[in-house]
Amino acid sequence: MQFKAMILDNAEVSPGYWRMRMTAPAEMLAAKPGQFVMVRVNPSIDPLIRRPFGVFDVGMHQPAYTGAVAQPYLEILYRVVGKGTGMLSDLHENDILDVLGPLGSGFDNGPAGEEKLIVGGGVGLAPLYLLAKELVKDSPVRLFAGGRSKDDVLCITEFERLGVECYTATEDGSLGECGLVTKVLEGRLDATGNKGQICACGPHGMLKAVAAIGAKRSVKTQVSLEGYMACGMGACLGCVCQGAEHSAENPDYRCVCTEGPVFEAAVLKWEGN
Amino acid sequence: MKPDMSVEIGSLKLRNPVMTASGTFGYGEEFSQYVDLEKIGAFVTKGLSLKPRAGNPTPRIVETPGGMLNAIGLQNVGIDAFIQKKVPFLRSVNTPAIANFFGYTPDEYAELASRLDDIPEVAALEVNISCPNVKQGGIVFGTDPNCAASVVAACRAATKKTLIVKLSPNVTDIVEMAQACEGAGADALSVINTLTGMAIDLERRRPVLANITGGLSGPAIKPVALRMVWQVARAVKVPVIGIGGIMSATDALEFILAGATAVQVGTASFVNPGAAQEIAEGMEQWLAARGIADIKSLIGALEG
Ligand SMILES: Cc1cc2nc3c(=O)[nH]c(=O)nc-3n(C[C@H](O)[C@H](O)[C@H](O)COP(=O)(O)OP(=O)(O)OC[C@H]3O[C@@H](n4cnc5c(N)ncnc54)[C@H](O)[C@@H]3O)c2cc1C
Ligand SMILES: Cc1cc2nc3c(=O)[nH]c(=O)nc-3n(C[C@H](O)[C@H](O)[C@H](O)COP(=O)(O)O)c2cc1C
Ligand code: FES
């Protein structure tokens, strides 16, 4: 689906991280956790290609003034890293964006009642909020959120409000445990005897560590990947990643935008990547 | 009054001059949600080879000012899977599908041409000659007039369908290449494929693309493409299909004035998946607003 979205709110939630709410067609309410949108930052040719962002949240927006009709919204959570995200952060209420989505596959929710361990690094939390919102309906959910410092651990109160038990870790010790969030995750798996399933999104190094933990302990693990995307619909073949059996002789490339971005960790190749 | 937008490329009749470019529109189906395929002139499939090809390692793409570099490495499903999985969709659409293909020896090219000739759903063939010739030290077919002519002649002998040859811009004299391909039996020429370029990550002191170099496409290449279309169209009798950085109806009409009979829309479909249809409609409106009855009257109508 392609639509014009009007920005309802665009605010810096932590230094360098922004949360943007925009109008969306009602179909967007059916977006699955883990799906993403491709946003055209402006109508000019620089930046030229769209930028992909996970769906952070969808819902009904109730304007503050009385008598106004509620209307569906889409939210993204983004980190300013370059030209396109910088321009996004300069936009204001009532500005218009061109959006494609929802795109890609979502997370598989797994059996009801089973413990869900969701792991996010930095802005990797973006697609996990909508996931947590879904999962708390029928399962106990624990969030393991990591970042370099406390400024990189986002929206924890929102997760807590859903009833998610949150664990945090920072590399500089400014919030929660000092060190990597994967250590905290292992602590929980030790305590429960490797029960439940893992859903993770974040920097590649973190996903690789999480995939290794899941493999070693035979815990089903899903990861949401990134790839450099030009189209988001399986046409440019720019976004591919390697399947587990990939080799120079028997290449096995998977399309992140259509087959992913969520994959079972076990189907991907991790060593050397 | 509705202007006549139809054009002919060889024996191929198009309802309007707007096609989608190879490698930017999948096999058509991917875009059917965003484009009414029956509102465009034709669509060109991702380049096909005899065997499936996996393509290059990543990163394969990087944006550059007003454009993008790609080094996909011609990843494609191969001719067998194309026939099995993709052709049924082509049958369901009342718009000509043009199969783009490439090989590594003239024999491979000929075999593909012959197999594509057998597929009724394939309306025409577009041969990509921007590939290395493995039999001759890897020289790119499309950069040597004799090499290019040998490939085109081999394909010509293998198919009766309209044979379009897609030229590489990475040459000193595009006119010489165009004439060699026309002489070897091409029914039309697509001008241009991507321009070889490169991007560097200064802090890491490394090339951005895993393949080091890649093909530049998008608005950044439009002036070069226009110039090449203009040069080629004056020098050959066969129709020319203009390609390179077309984002709007006005861009497309400039190519027609420069001598193109039709155009292809590439990178623009990534930015706006409905681009090809919007461009076709915009061209028609432009003609109607000026009382121009027939698009064909604009082909090569550049003055001065
Ligand atoms: C499926 C998916 C979901 C994502 N979700 C989020 C999210 O929810 N929040 C968030 O902050 N970021 C997310 N990203 C990353 C985000 O798309 C990039 O940070 C953004 O595109 C950078 O744009 P820029 O113009 O600011 O950076 P640029 O100045 O263009 O480049 C900075 C870096 O960003 C990356 N990048 C640039 N363009 C693209 C592109 N088209 N596709 C992928 N990576 C690119 C490259 O690694 C590049 O080196 C997601 C990426 C993918 C693939
Ligand atoms: C991602 C990508 C893949 C492409 N793949 C092919 C291909 O398989 N065969 C081919 O002949 N041209 C291929 N091209 C070239 C385009 O068809 C077109 O000639 C070029 O992009 C210039 O047009 P544009 O500026 O409108 O994109 C590809 C271009 C891009 C961007
Ligand atoms: S982004 Fe184009 S194929 Fe995935």
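Thresholds applied
Residues numbered from 1 in each chain as written. Chains lettered and ligands numbered in written order. Predicted model: local features only at pLDDT ≥ 70, side-chain atom pairs only at ≥ 80, totals over all residues. Heavy atoms only, no water. UniProt positions renumbered as here; feature names shortened; annotations may be inferred. Helix = DSSP H or I, 4+ residues; strand = E, 2+ residues; numbered from the N terminus. Contact = heavy atoms within 4.5 Å. Buried < 20%, exposed > 50% of the residue type's maximum accessible area, 1.4 Å probe, protein only. pLDDT = per-residue confidence, 0-100. Pairing = 2+ DSSP bridges. Right-handed = clockwise from strand over helix to strand, strands pointing away. Expected span 1.5 Å × (residues − 1). Polar contact = N/O pair within 3.5 Å; in protein donor to acceptor, adjacent residues only side chain to side chain. Salt bridge = Lys/Arg side-chain N within 4 Å of Asp/Glu carboxyl O. Axes fitted to C-alpha atoms, helices over the stretch in contact; angles between N-to-C directions.

Looking at an unreviewed UniProt entry, chain B carries the name Dihydroorotate dehydrogenase, with the source organism given as Trichlorobacter thiogenes. Its UniProt record gives chain B the following Catalytic activity (unreviewed entry) comment, quoted word for word: "(S)-dihydroorotate + A = orotate + AH2".

The name given to chain A in an unreviewed UniProt entry is Dihydroorotate dehydrogenase B (NAD(+)), electron transfer subunit, with the source organism recorded as Trichlorobacter thiogenes. Per its UniProt entry, chain A bears the Function (unreviewed entry) comment "Responsible for channeling the electrons from the oxidation of dihydroorotate from the FMN redox center in the PyrD type B subunit to the ultimate electron acceptor NAD(+)."

A. How the structure looks around the UniProt feature "binding site: [2Fe-2S] cluster" (unreviewed entry) in chain A. Feature annotation in UniProt places "binding site: [2Fe-2S] cluster" (unreviewed entry) on Cys231, Cys236, Cys239 and Cys257 of chain A, given in this structure's numbering. These annotated residues cover 27 residues of sequence, and their C-alpha atoms lie no more than 10.1 Å from one another, placing them together at a single site. Here Cys231 of chain A is to be found in the loop between β13 (221–224) and β14 (241–242). Apart from the residues within four sequence positions on either side, Cys231 of chain A is in contact with Met38, Leu100 and Cys236 of chain A together with Phe270 of chain B. Given the relative accessible area of 2%, Cys239 of chain A is considered buried.

B. Layout of the confidence of the model for chain B. Put simply, chain B has an average pLDDT of 95, and 99% of its residues get 70 or more. Here the predicted complex scores 0.95 on pTM and 0.93 on ipTM.

C. Representation of the pairing of strand β9 (residues 162–166) of chain B. Residues and elements named next belong to chain B. Across the five residues of β9, five count as buried, placing the element largely inside the fold. The side-chain alternation of β9 yields two buried faces, one formed by Thr162, Ile164 and Lys166 and the other by Leu163 and Val165. Bridge count for β9 against strand β10 (residues 188–191) is three bridges, and the pairing is parallel. In the sheet register, Lys166 faces β10, and the bridge partner there is Ser190. For the crossover from β9 across helix α4 (residues 174–183) to β10, the handedness is right-handed.

D. Here's a closer look at helix α3 (residues 145–158) of chain B. Residues and elements named next belong to chain B. Helix length check: α3, at 14 residues, gives a terminal C-alpha distance of 20 Å against a target of 20 Å (1.5 Å per residue), a fit within 8%. The complete set of buried residues in α3 reads Pro145, Cys147, Ala148, Ala149, Val151, Val152, Cys155 and Ala158. Turning to α3, the residues buried within the fold contact β7 (97–101), α2 (106–117), β8 (122–128), β9 and α4. Of the residues flanking the start of α3, the one acting as N-cap is Asp144, its side-chain oxygen 3.1 Å from the backbone nitrogen of Asn146.

E. Spatial organisation of the pattern of salt bridges. With the rule as written, the count across this model stands at 30 salt bridges over all chains. Residues Lys83 of chain A and Asp46 of chain A are paired through a salt bridge, measuring 3.0 Å at the closest nitrogen-oxygen approach. Of this pair, Lys83 of chain A sits in helix α1 (residues 83–89) while Asp46 of chain A sits in the loop between β3 (36–40) and β4 (51–54), and the two are 37 residues apart along the sequence. Residue classification places Lys83 of chain A among the partly exposed positions, given a relative accessible area of 41%. Here Lys222 of chain B and Asp251 of chain B are joined by a salt bridge, their closest N and O atoms 2.9 Å apart. Of this pair, Lys222 of chain B sits in helix α5 (residues 222–235) while Asp251 of chain B sits in helix α6 (residues 249–257), and the two are 29 residues apart along the sequence.

F. Looking closely at the sheet that holds β9 of chain B. Residues and elements named next belong to chain B. With parallel pairing, eight strands are arranged side by side around a closed barrel as β3-β4-β7-β8-β9-β10-β15-β16. Adjacent strand axes in the sheet meet at a mean angle of 25 degrees when their direction is disregarded. Strand direction decides the pairing type here: β10 and strand β15 (residues 240–243), joined by three bridges, are parallel. Counterpart to Ser190 in the pairing with β15 is Ile241. Running over the sheet, helix α8 (residues 275–289) touches β3 (18–20) and β16 (262–265) and is turned about 170 degrees from β3.

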